[in-house]
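Breakdown of the fold
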Amino acid sequence: MEGDILAFDFGLKRIGVAIGNTLLKKARPLTIIHEEASKARFHAIESLIMEWKPVNLVVGLPFHADGTEHDMTMRCRRFANQLHGRFGIGVTLVDERFSSCVLNFKQGEADDAHAAALILQQYFDESTS
């Protein structure tokens, strides 16, 4: 399905958000959701969904370097399930374990939206190969 895709780099303090289009297959940072309360977070996400009307959502799924899961892996799966349940839009999970390496290391919130863009770009690159 063609259209916009929103991607999320889920964190306990912030959620990085990126946008990209299935035709251009180029991701770019969009915004950072700073709210920590679940209700406020989903309200902010709902506003983005209403504005961009995405055809799919992408959520970064973190793993340890050896591929094993950890606490944030479970939290990201839960977040992805909540997105699908609340908004009825398909959600694709993308292995994000190397996105931080590409960014060198996360130096605070300025990189959260860029991490989401890397996750989305990885999704685009993997879907064309």
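Quick summary incoming for the structure in this document. (Residues numbered from 1 in each chain as written. Predicted model: local features only at pLDDT ≥ 70, side-chain atom pairs only at ≥ 80, totals over all residues. Heavy atoms only, no water.)

**Brief notes about the pairing of strand 1 (residues 4-10)**
Our working definition: Each residue gets one of three labels from its accessible area relative to the maximum for its type: buried under 20%, exposed over 50%, partly exposed in between, using a 1.4 Å probe on protein chains only. Counting from the N terminus, the helices are the DSSP runs of H or I reaching at least four residues and the strands are the DSSP runs of E reaching at least two. Note on pairing: DSSP must find at least two bridges between two strands before they are called paired.
For strand 1, the tally of buried residues reaches 7 of 7 residues, placing the bulk of the element in the interior. Taking every second residue as pointing to the same face, both faces of strand 1 are buried, with D4, L6, F8 and F10 on one and I5, A7 and D9 on the other. One ladder, built from 7 bridges, connects strand 1 with strand 2 (residues 15-21); its direction is antiparallel. In the sheet register, I5 faces strand 2, and the bridge partner there is G20. If you look at the hairpin formed by strand 1 and strand 2, you'll find 4 residues sitting between the two strands. Strand direction decides the pairing type here: strand 1 and strand 4 (residues 56-61), joined by 4 bridges, are parallel. Note that in strand 4 the partner of F8 across the bridge is V59.

In short, the description is geometric, and any link to function would need to be established separately.
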